[in-house]
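Observations on the three-dimensional arrangement
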Amino acid sequence: MALALQWQLQLPLQLQARPPTLAASHRRQGRLLTPVRHAPPLRARCCAGAADDAGKTQAAARRAYPYDEIEPRWQRYWEEHRTFRTPDIGEGLDTSRPKCYILDMFPYPSGAGLHVGHPLGYTATDILSRFKRMKGFNVLHPMGWDAFGLPAEQYAIETGTHPKITTERNIARFRTQLKSLGFSYDWDREISTTEPDYYKWTQWIFLQLLKRGLAYQAEVPVNWCPALGTVLANEEVVDGVSERGGYPVIRKPMRQWMLKITSYADRLLEDLNELDWPESIKEMQRNWIGRSKGAELVFSAVDKEGHDLGATLLVYTTRPDTIFGATYLVVAPEHVLLSFLTSEEQRSHVDEYRDLAARKSELERTDLQKEKTGVFSGSYAKNPANGEMIPIWVADYVLGSYGTGAIMAVPAHDSRDHEFAVKYELPIIKVVSPPNGSCDPAEAYADDGIMINSSSTSSGLDINEMLSQDAAKKVIAWVESNGFGKKKVNYKLRDWLFARQRYWGEPFPVSYLDDTNEMVPLSEDELPLTLPELDDFTPTGTGEPPLTKATNWVRTIDPLSGKPARRETSTMPQWAGSCWYYLRFMDPENSSILVDKAKERYWGPVDIYVGGAEHSVLHLLYARFWHKVLYDMGVVSTKEPFKCLINQGLILGEVEYTAYRDSEGRWVSADSDSSLIDCYQEKVPADKVTKVGDHYVLKDDPNVRLNARAYKMSKSRGNVINPDDVVSEYGADSLRLYEMFMGPLRDSKTWSTGGIEGVHRFLGRTWRLIVGPPLPDGSYNDGTMTTEDKPTLDQLQILHKCIARVTEEINETRFNTAISAMMEFVNAAYKWETQPQSVTESFVLLLSPFAPHLAEELWFRLGHRQSLAYEQFPEAKSEYLEESRVVLPVQINGKTRGTILVDKACSEDDVFQIAASDEKLSKYLAGKGIRKRIYVPGRILNVILDQQKART
């Protein structure tokens, strides 16, 4: 019998045999309550007779409820029954129902696994997915892995472990962790960017870009890291070193694959208006695209004697009206004409400066807070507006990849130019006067105004006393008619550098003929071009990618010409696979086309996309670019991939308290007037700290104020919280609920272990409200404590107010206040004499998106044989949302003396009788003559007494 029962408990709940309904009754709160249905026992009590295990009993008593039994059981059930599988079109999916595609930004499976910050967004999408299913939507909620990339390759180099092995191991750990949290992903649609069946279509998209002239090769300066042996994106370089490993990075020209995203700049900009995205994110994309209107001007280069050097510099400016204020030009260190423009006297200085600039990333060079540096080239240029010679400088705050790589500097009206001119004592000529005539002479005036000092008899151009906008138009017309330039629209957006010199990435499906070096694309029917197996992933040290070591793979024969060829040895960047994965989730098994048209038309676009704001520009911009290309090809039916975007905030580590000691070991208060620079810091445990007002102080010495701060979780700080530990101690539902209860989804929040204990207690109270208190051994009775009683009006009003509030808060993603509403319900329900089953069932359904394991268990105990995942979400009924009773102020002779609780429909006589019987009000009315009563239903009762007998 013991063996049979143990085997039975390993099965999903719905497969377990149900014992007959209990006839026994359980006593609670002094009343006899009979469970209406019965569920199997939560733990097998069949070994060693009926003897108690003291250790287990004590452990059970510490738990708020038996989550450690409930959660694994329901996770097994969901997996075995594929509860959250979304059928394909043609396989039972009812396409007449509305759809909702809810997607997480899929994770990179690092070796560290999840920390508690990861489930924040995942829990939010899971709540929305469960809610939408219960609202009758077809829900697509998949998960996959953005698994190519540098970290896995670096780990392979350091340990000798193939990145495929590391990646598969990391994916397995992530998958286990996500399943342990009860997320309702359709695991049948799981994908990884590293699988050939997936990157076959990444390669196919590249070939389409190549056919349309949107992929090309160019010699470009890149961030080259010799130690990592790869090109790094600007975001991967910090203070001249690689973000990963801290290795030196230099700027180096290399021939690279580029994608012409600039061809889509206008559409990427204009279509932002149609998106339900945070305005801050849309503004960041607008700034990154950086569309501006201005003029491209031509300056002739001359030597110091004014002799023509036979070269011209093109300069882009958004303020052609300030041309008379240009007192010098600045060219980027990588400008193609710089060597020609550099005089022999200045060459050594210029070469040294160029070397220094090559060690900086573009982000560093354009940092507005950075001190501007530069060096004189030794050459000059003629200002076309007045013919004056102005010096040509080299400075790294100008980028060769933006505009023309040269600017005209107007220090009186541009803060960067002003800072540079002051530092190097260059002329500053004011040409724009503010409309009110006042501005700080020590600062650059950058706004529009009235033109001054802006005329030349030699050129014939005169814009004095004109408004800035009118002057700009006149300057553009003048330069166009005189051959000195033209009107121009420019973008900050630059073409996408689409190659990395590393192994662990998608191979490019192209080769080069040995005899002509002609590039030949691979035929589509030969895809995928798979990565070769390599044992040595170390950088070559020459800039050649690691794939050059796979000589048998590199050497090939072009199938069309039969000529010897060599394969491309660079690989695609990590961004590639994440640009289109949302489409593959719609049709993950399709081997003939990227995505079936009918499936894409039904599921597209993604309705709700949730992820961190750190991906607000590049990932989203690149994905939008690829989507628009696919839209032009007819592969997709929508102009945009992601309809609604939600950025979850960060979860910071627990607050850290820092105290200061002087050189003699004495405490120094953080608000001390004396300098803290010479003091050393000491971390103080939380139990040694107390709060006084808005500040934290030492418990033992309240005069010593501490610094309190929460930091982003990181291994280096040692403040990472592992969700596995939290699940083990409190359960997955507690973690889910706490992360939603911490505060608004979009805000950053600070982790607190005390906080999770609070929501764990709430779930325990919910469990005991419905199931009853634990038995002496820590186990629980079977079934529930609900009754078949008809709910009272008060119970229905409390329930339906909770339904209305939770529904609204889920729709608005205010999950913390939805949880508050459920807590208020439980508090109210504890005061009821009975727990009607119909009310309890509705509440369990409300709770289920947030705490699905507990809700499933309670739903089963309430007698239901099917999972609640597709049950109808409760609807609030308007008749129960209106208050039937009101608090009515009562005045005696116009002065408020108290309040009474009355029905809205109460008559004036009934209201007066309630007031007269009120303990507080009766002393004003007893034995008094009533001259008049004024009653405004639902608003006020005013009793006017006989003044001769009135009591004041």
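Owing to the predicted nature of the structure, the values given are computational and were not obtained by experimental measurement.

The helix and strand inventory of the protein chain stands at 28 helices and 39 strands. Once the C-alpha set of the protein chain is aligned to its principal axes, its extents read approximately 110 × 90 × 75 Å. Sorting the 952 residues of the protein chain into buried and exposed places 53% on the buried side. Within the protein chain, residue pairs in contact and separated by at least 24 positions form 70% of the contacts whose partners lie at least 6 positions apart. As displayed, the protein chain has an accessible area near 42,700 Å², and 49% of this comes from carbon and sulfur atoms. Looking at the protein chain, you have 112 positive and 128 negative side-chain charges, and the mean spots of the two groups are 6 Å apart.

What the rule picks out here adds up to 48 aromatic pairs. A ring pair is formed by Phe 148 and Trp 504, whose centres lie 5.0 Å apart and whose planes are at 75°; its orientation type is edge-to-face. Residue Phe 148 is found in the loop between strand S5 (144-145) and helix H5 (150-159), and its partner Trp 504 is found in the loop between strand S21 (496-497) and strand S22 (510-513); the two are separated by 356 residues along the sequence. The buried category is assigned to Phe 148, whose relative accessible area is 2%. The class for Trp 504 is buried, based on a relative accessible area of 4%. Ring geometry for Tyr 503 against Phe 537: centres 5.3 Å apart, planes inclined by 40°, an arrangement best described as tilted. With Tyr 503 in the loop between S21 and S22 and Phe 537 in the loop between strand S23 (519-521) and helix H15 (551-554), this pair connects stretches of sequence that are 34 residues apart.

To continue, consider the pattern of salt bridges. Applying the stated criterion across every chain, the model contains 47 salt bridges. Across the salt bridge formed by Arg 189 and Asp 186, the nearest N and O atoms sit 3.0 Å from each other. Assessed through its relative accessible area of 2%, Asp 186 is described here as buried. Between Lys 282 and Glu 279 there is a salt bridge; the shortest N-O distance is 3.8 Å. Here Lys 282 and its partner Glu 279 are both found in helix H9 (residues 279-289), 3 residues apart, which amounts to about one turn of the helix. Residue Lys 282 is classed as buried on the basis of its relative accessible area, which comes to 7%. Via salt bridges that share partners, Asp 271, Glu 274, Arg 624, Lys 628, Lys 639 and Glu 640 belong to a single interconnected network.

A separate point is the UniProt feature "domain: Aminoacyl-tRNA synthetase class Ia" (unreviewed entry) in the protein chain. In the UniProt entry, the feature "domain: Aminoacyl-tRNA synthetase class Ia" (unreviewed entry) is given for residues 710-740. For residues 710-740, the end-to-end C-alpha separation is 19 Å, with 55% helix and 0% strand making up the annotated structure.

The strands making up a sheet associate through hydrogen bonds between their backbones, and the pairing can be parallel or antiparallel. Ordered in space as S37-S36-S39-S38, the 4 strands form an open sheet in which the pairing is mixed. Two strands close off the open sheet at either side, each with one partner strand: strand S37 (895-903) and strand S38 (930-936). Pairwise comparison of adjacent strand axes, ignoring direction, gives a mean angle of 20° for this sheet.

That bond from Leu 527 to Pro 528 is cis: its omega, 0°, falls within 30 degrees of zero. With respect to the helices and strands, the residue Pro 528 is situated in the loop between S23 and H15. With omega at -10°, the peptide bond leading from Gly 604 into Pro 605 counts as cis. Structurally, Pro 605 can be placed in the loop between helix H18 (597-603) and strand S26 (606-611). Backbone geometry at Arg 82 places phi at a positive 45°, although glycine is not the residue there. Along the polypeptide, Arg 82 turns up in the loop between helix H3 (67-81) and strand S3 (99-104). Even without being glycine, Asn 453 reaches a positive phi, approximately 50°. With respect to the element layout, Asn 453 can be found in the loop between strand S19 (450-451) and helix H14 (468-482).

The end-to-end C-alpha distance of helix H22 (residues 753-771) is 27 Å, a good match for the 27 Å that 19 residues give at a rise of 1.5 Å each. Among the residues making up H22, those that are buried are Ile 756, Val 759, His 760, Phe 762, Leu 763, Gly 764, Thr 766, Trp 767, Leu 769, Ile 770 and Val 771. Trailing H22 by a residue or two, Gly 772 shows a phi angle of about 110°, which is positive.

Turning our attention to the pairing of S26. The element S26 is largely enclosed, with a buried count of 6 among its 6 residues. Pairing between S3 and S26: 3 bridges, direction parallel. Each bridged residue has a counterpart across the sheet, and for Asp 104 the counterpart in S26 is Val 610. Two strands pair when backbone bridges link them, and S26 and strand S27 (residues 642-647) are joined in this way by 5 bridges, in the parallel orientation. Considered in S27, the bridge of Val 606 is made with Phe 642. Assessed by its sense of winding, the connection that carries the chain from S26 through helix H19 (residues 618-633) to S27 is right-handed.

Strand order in the open sheet formed by 4 strands is S8-S7-S11-S21, with antiparallel pairing between adjacent strands. The open sheet is flanked by strand S8 (230-232) and S21, the only strands paired with a single partner. Those strands touched by helix H7 (residues 196-211) are strand S7 (215-225) and strand S11 (250-259), and its axis lies near 85° from that of S11.

Here the focus is a negative patch on the surface. A cluster of acidic residues, Glu 168, Glu 195, Asp 197 and Glu 589, forms a negative patch on the protein surface. You can see Glu 195 is positioned in the loop between strand S6 (191-192) and H7.

Turning to its location among the elements, Glu 274 is positioned in the loop between helix H8 (265-270) and H9. With 365 residues separating them in the primary sequence, Glu 274 and Lys 639 have C-alpha atoms 9.9 Å apart. Within the structure, Glu 274 has its side chain in polar contact with the side chain of Lys 639 (distance 3.1 Å).

All right, on to the domain arrangement of the protein chain then. Partitioning the protein chain into domains gives domain 1 (108-130 + 139-289 + 494-648), domain 2 (291-491), domain 3 (652-719), domain 4 (725-880) and domain 5 (885-945). A separation of 82 Å is found between the C-alpha centroids of domain 2 and domain 5.

This part takes up the environment of Asp 94. Tracing the sequence through the fold places Asp 94 in the loop between H3 and S3. Put simply, Asp 94 and Ile 593 are 499 residues apart on the chain and 23 Å apart in space, counted from C-alpha to C-alpha. Apart from residues no more than four positions distant in its own chain, Asp 94 is found in contact with Asn 138 and Tyr 602.

Two measures define how a pair of helices packs: the angle their axes make with one another and the distance between the axes. Here helix H23 (residues 793-811) crosses helix H25 (residues 837-847) at 15°, and the two axes come no closer than 11 Å. When the axis of H23 is compared with that of H25, the two are roughly parallel. H23 and H25 meet at a crossing whose hand is left-handed. Here Leu 799, Cys 802, Ile 803 and Val 806 of H23 lie close against H25, whose contacting residues are Val 839, Ser 842, Phe 843 and Leu 846. Here the contact of H23 with H25 is built from residues that sort into 7 nonpolar, 1 polar and no charged.

This next bit is on the confidence of the model for the protein chain. For the protein chain, mean pLDDT is 88; residues scoring 70 or higher make up 92% of the total. Overall, residues 1-61 carries pLDDT values under 50, and its contacts beyond four positions in sequence, including any with other chains, amount to 104 contacts.

Phe 206, Trp 626, Val 806, Met 822 and Phe 850 are the most contacted members of the largest nonpolar core, which totals 169 residues. Taken together, domain 1 (108-130 + 139-289 + 494-648) and domain 4 (725-880) each give at least three residues to this core, which thus spans both. Apart from residues no more than four positions distant in its own chain, Val 806 is found in contact with Ala 818, Ala 821, Met 822, Leu 846, Phe 850 and Phe 873. With 48 residues, the next largest nonpolar core counts Ala 326, Val 331, Tyr 397 and Ala 471 among its residues.

Here is what the cut-offs are and how they apply
- Residues numbered from 1 in each chain as written.
- Predicted model: local features only at pLDDT ≥ 70, side-chain atom pairs only at ≥ 80, totals over all residues.
- Heavy atoms only, no water.
- Helix = DSSP H or I, 4+ residues; strand = E, 2+ residues; numbered from the N terminus.
- Buried < 20%, exposed > 50% of the residue type's maximum accessible area, 1.4 Å probe, protein only.
- Contact = heavy atoms within 4.5 Å.
- Areas by Shrake-Rupley, 256 points an atom, 1.4 Å probe, with all protein chains shown as cover.
- Lys, Arg positive; Asp, Glu negative; His and termini not counted.
- Charge placed at Lys NZ, Arg CZ, Asp CG, Glu CD.
- Phe/Tyr/Trp six-rings, centres within 6.5 Å; stacked < 30°, edge-to-face > 60°.
- Salt bridge = Lys/Arg side-chain N within 4 Å of Asp/Glu carboxyl O.
- UniProt positions renumbered as here; feature names shortened; annotations may be inferred.
- Pairing = 2+ DSSP bridges.
- Axes fitted to C-alpha atoms, helices over the stretch in contact; angles between N-to-C directions.
- Expected span 1.5 Å × (residues − 1).
- Right-handed = clockwise from strand over helix to strand, strands pointing away.
- Patch = residues over 30% accessible without salt bridge, like charges linked within 9 Å, V, L, I, M, F, W, Y side chains within 5 Å.
- Polar contact = N/O pair within 3.5 Å; in protein donor to acceptor, adjacent residues only side chain to side chain.
- Domains from an automatic or database assignment.
- Parallel < 35°, antiparallel > 145°, perpendicular 65-115°, else oblique.
- Left-handed = near helix turned anticlockwise from the far one by under 90°.
- Nonpolar A, V, L, I, M, F, W, Y, C, P; charged D, E, K, R; others polar.
- pLDDT = per-residue confidence, 0-100.
- Core = buried A, V, L, I, M, F, W, Y, C linked by side-chain atoms within 4.5 Å.

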